[in-house]
Amino acid sequence: MPRYEFRCRACGDNTFEVNRPMDQADAPALCPQGHADTVKLLSTVALTGRGAATTAGRAAGPPAGAPAGGCCGGGCGC
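Residues numbered from 1 in each chain as written. Predicted model: local features only at pLDDT ≥ 70, side-chain atom pairs only at ≥ 80, totals over all residues. Heavy atoms only, no water.

A.B. asks: Looking at this structure, I do not really get the sheet that holds strand β3 (residues 38-40). What am I missing?
C.D. replies: Working definition: the strands of a sheet are paired by backbone hydrogen bonds and lie parallel or antiparallel to each other. Taken together, the three strands give an open sheet; going across it, the order is β2-β1-β3, and neighbouring strands pair in antiparallel fashion. Among the strands making up the open sheet, the edge pair consists of β2 (14-19) and β3. Between one strand axis and the next, the sheet turns by 35° as a mean value, whatever way the strands run. One ladder, built from six bridges, connects strand β1 (residues 3-8) with β2; its direction is antiparallel. Each residue of the ladder has a partner; that of F6, found in β2, is F16. (Pairing = 2+ DSSP bridges. Helix = DSSP H or I, 4+ residues; strand = E, 2+ residues; numbered from the N terminus. Axes fitted to C-alpha atoms, helices over the stretch in contact; angles between N-to-C directions.)

Pasting the structure below:
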């Protein structure tokens, strides 16, 4: 389940995280102290490992004969 980071303006810019389904990504979130004056932050993601490699301009997939799986059918190596 995705994790979203929020900032509470009422708490002096404290940040907190909320786990929720993607279809609720834009729903408002109360901070742990109950304040509603929050904003969702743009988080960065760093990917490393086999899924970040490319071969001839395309993403490296699973080895030949390996079962496809993960979030994108195995193309990202997850």
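After that view of the structure, there is still more to cover.
A.B. asks: Even after reading the chapter, I still don't get the packing of aromatic side chains, so can you show me in this structure?
C.D. replies: How two aromatic rings sit relative to each other is set out by the distance from centre to centre and by the angle between their planes. According to the stated counting rule, one finds one aromatic pair in the structure shown. Considering the side-chain rings of F6 and F16, the 5.7 Å spacing of their centres and the 15° angle between planes classify their relative orientation as stacked. One end of the pair, F6, is in strand β1; the other, F16, is in strand β2, and 10 residues separate them in sequence. Across the pair, F16 and F6 agree in class, each one buried. (Phe/Tyr/Trp six-rings, centres within 6.5 Å; stacked < 30°, edge-to-face > 60°. Buried < 20%, exposed > 50% of the residue type's maximum accessible area, 1.4 Å probe, protein only.)

A.B. asks: I would appreciate a short explanation of the environment of R9 in the present structure.
C.D. replies: Here R9 is to be found in the loop between β1 and β2. Along the primary structure R9 and V39 are separated by 30 residues, whereas in three dimensions their C-alpha atoms are 7.9 Å apart. Excluding its chain neighbours within four sequence positions, the residues that come into contact with R9 are D37 and V39. (Contact = heavy atoms within 4.5 Å.)

A.B. asks: Can you help me understand the pattern of salt bridges in this one?
C.D. replies: Should their charged atoms come close, side chains of opposite charge can pair. Evaluation of the coordinates by the stated rule reveals three salt bridges. We note a salt bridge from E17 to R3, for which the minimum N-O separation is 3.4 Å. Linking E17 in strand β2 with R3 in strand β1, this pair joins segments that are 14 residues apart in sequence. (Salt bridge = Lys/Arg side-chain N within 4 Å of Asp/Glu carboxyl O.)

A.B. asks: How do you make sense of the nonpolar core when you look at a structure like this?
C.D. replies: What tends to happen in soluble globular proteins is that the nonpolar side chains get buried as a cluster. Y4, F6, C8, C11, F16, V18, A25, A29 and C31 form the largest nonpolar core, which has nine residues in total. Here this core takes three residues from β1, the largest share from any one element. In contact with Y4, other than residues within four places in its own chain, are F16, E17, V18, R20, P21, M22, A25 and K40. (Core = buried A, V, L, I, M, F, W, Y, C linked by side-chain atoms within 4.5 Å.)

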